[in-house]
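Each chain is listed here by its residues.
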Amino acid sequence: MHTTLAYADLPAVAPLLVRATANHVGRRPRAEAVLPTTVVRVARLRQDLGRLAAYNRACGFGLRDAVPPTWLHVLTFPLQAALLAGQDLPFAPAGLVHTANTMTLHRPVAVGEHLDVLVRAEALRPHAKGALFDLVGEVRVGSELAWTGRSSYLARGASAPAGADAARATGVTDDPADPLRNDAAGEQPRMAQRWRLPADLGRQYAKVSGDVNPIHLSAATAKLFGFRRAIVHGMWTHARCLAALSGRLPETYTVDVAFTRPILLPGRVSFAAAESDAGVRFAVLGREEKPHLVGAVRR
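Model, not experiment: these values are computed from the prediction. (Residues numbered from 1 in each chain as written. Predicted model: local features only at pLDDT ≥ 70, side-chain atom pairs only at ≥ 80, totals over all residues. Heavy atoms only, no water.)

Turning next to the overall build of the protein. Per the secondary structure count, the protein includes six helices and 11 strands. For the protein, buried positions account for 51% of its 299 residues. In the protein, the share of contacts with a sequence separation of at least 24, taken over all contacts with a separation of at least 6, comes to 73%. Summing over all exposed atoms, the protein offers an accessible surface of approximately 14,100 Å²; the carbon and sulfur share of this is 53%. (Helix = DSSP H or I, 4+ residues; strand = E, 2+ residues; numbered from the N terminus. Buried < 20%, exposed > 50% of the residue type's maximum accessible area, 1.4 Å probe, protein only. Contact = heavy atoms within 4.5 Å. Areas by Shrake-Rupley, 256 points an atom, 1.4 Å probe, with all protein chains shown as cover.)

One pass over the full model with this rule turns up eight aromatic pairs. Centroid distance Phe271 to Phe282: 6.4 Å. Interplanar angle 35 degrees. Geometry classified as tilted. Residue Phe271 is found in strand S9 (residues 267-276), and its partner Phe282 is found in strand S10 (residues 279-285); the two are separated by 11 residues along the sequence. Put simply, the rings of Tyr55, Phe61, Trp71 and Tyr205 touch in pairs and so form one group of aromatic residues. (Phe/Tyr/Trp six-rings, centres within 6.5 Å; stacked < 30°, edge-to-face > 60°.)

This part is about helix H6 (residues 234-244). With 10 of 11 residues buried, H6 is to be regarded as a mostly interior element. Restricting attention to buried positions, one finds in H6 the residues Met235, Trp236, Thr237, His238, Ala239, Arg240, Cys241, Leu242, Ala243 and Ala244.

This part is about the packing of helix H3 (residues 69-84) against H6. Packed helices, taken two at a time, are described by the angle their axes make and the gap between the axes. Between H3 and H6, whose axes approach to 9 Å, the crossing angle comes to 155 degrees. In terms of orientation, H3 and H6 fall into the roughly antiparallel class. For the pair formed by H3 and H6, the contact residues are Pro69, Thr70 and His73 on the first element and Met235, His238, Ala239 and Leu242 on the second. Here the contact of H3 with H6 is composed, by residue class, of four nonpolar, three polar and no charged. (Axes fitted to C-alpha atoms, helices over the stretch in contact; angles between N-to-C directions. Parallel < 35°, antiparallel > 145°, perpendicular 65-115°, else oblique. Nonpolar A, V, L, I, M, F, W, Y, C, P; charged D, E, K, R; others polar.)

A few words on unusual backbone geometry. Between Leu265 and Pro266 the backbone carries a cis peptide bond, its omega angle lying at -10 degrees. Position of Pro266 relative to the elements: it lies in the loop between strand S8 (253-259) and S9. For Glu289, which is not a glycine, the phi torsion comes out positive at approximately 55 degrees. For Glu289, the position within the fold is in the loop between S10 and strand S11 (291-298).

Of all seven residues in S8, seven are buried, a share of seventy percent or more. Where burial is concerned, the two faces of S8 agree: the one with Tyr253, Val255, Val257 and Phe259 and the one with Thr254, Asp256 and Ala258 are both buried. Taken together, the six bridges between strand S3 (residues 96-105) and S8 define a ladder with antiparallel strand orientation. Across the sheet, Met103 pairs through a bridge with Val255, a residue of S8. Of the strand pairs in this sheet, S8 and S11 are connected by six bridges, and their pairing is antiparallel. Residue pairing in the sheet places Val257 in a bridge with Gly295 of S11. (Pairing = 2+ DSSP bridges.)

Moving on, we come to the pattern of salt bridges. By the definition in use, this model includes 12 salt bridges. Put simply, Glu122 and Arg150 hold a salt bridge, and the shortest N to O gap is 2.8 Å. With a gap of 28 residues between them, Glu122 in strand S4 (residues 115-127) and Arg150 in strand S6 (residues 144-156) connect regions that are remote in the sequence. Overall, Arg150 belongs to the buried group, its relative accessible area being 19%. Taking the shortest distance from any N to any O, the salt bridge between Glu275 and Arg299 comes out at 3.7 Å. Placement of the pair is Glu275 in strand S9 and Arg299 in the segment after S11, with a sequence separation of 24 residues. (Salt bridge = Lys/Arg side-chain N within 4 Å of Asp/Glu carboxyl O.)

Keep in mind these values describe shape, not function.
Below you can see the structure in the form of structure tokens.
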């Protein structure tokens, strides 16, 4: 049975992340993890057009009446943070790794539309390095479902309970034989763009997205979590890919991405994409063309 946590507006992320960390200080891992049953909601959300314009600039989108699907993820992120800040989350949020994201744009969403937004947790399952679970978001306009998103998080060293469903819940896997991960399957992505990423890109994206995780903000704060330098937000990279594909995307679609390696800031990466009858395959590549992100758009 679900309980509902309702907000009048999107909550501030930073205090929620602090609370989420504090809730797990000194706490022993549970013998059997159980996901929270809380559904976090905001009804009749008015989109912040100034923030949307800044988000579009940071990610490379042009200004249009229809918003990017990754912007709708940004609107769900504070509700994800609220769920992670709950006492009933079995995993320490500071150690979670965002491994994959799937979103479906069921119909275009206009900048002036009021939105009903919710987030819930589901699909706890084992992984070779711990346990995976999903934070699932929905955006509705009135009674009409407009967008769904699924963010998969890895809790390193954790374990899923006996009998947990091991099936993949997203369209991307970490299996090298997966066609989204295997360059031998389908048409080869072709080099299209090279991106130079400034040292302050994490701070730029944090300002417009609300994701103030310290691993993205500076080399000093990233080193506290084992990174040599700050790393770019995976969802910035996801958004930048969709911006690069602008004009080649259908009106409605599903996009799957897997985050395979972090991108250190400052840095240089390449974007490659290839179209087929099924959709578009794309990747962000680093040195020696090793992928940082791989994905596919399905019509």
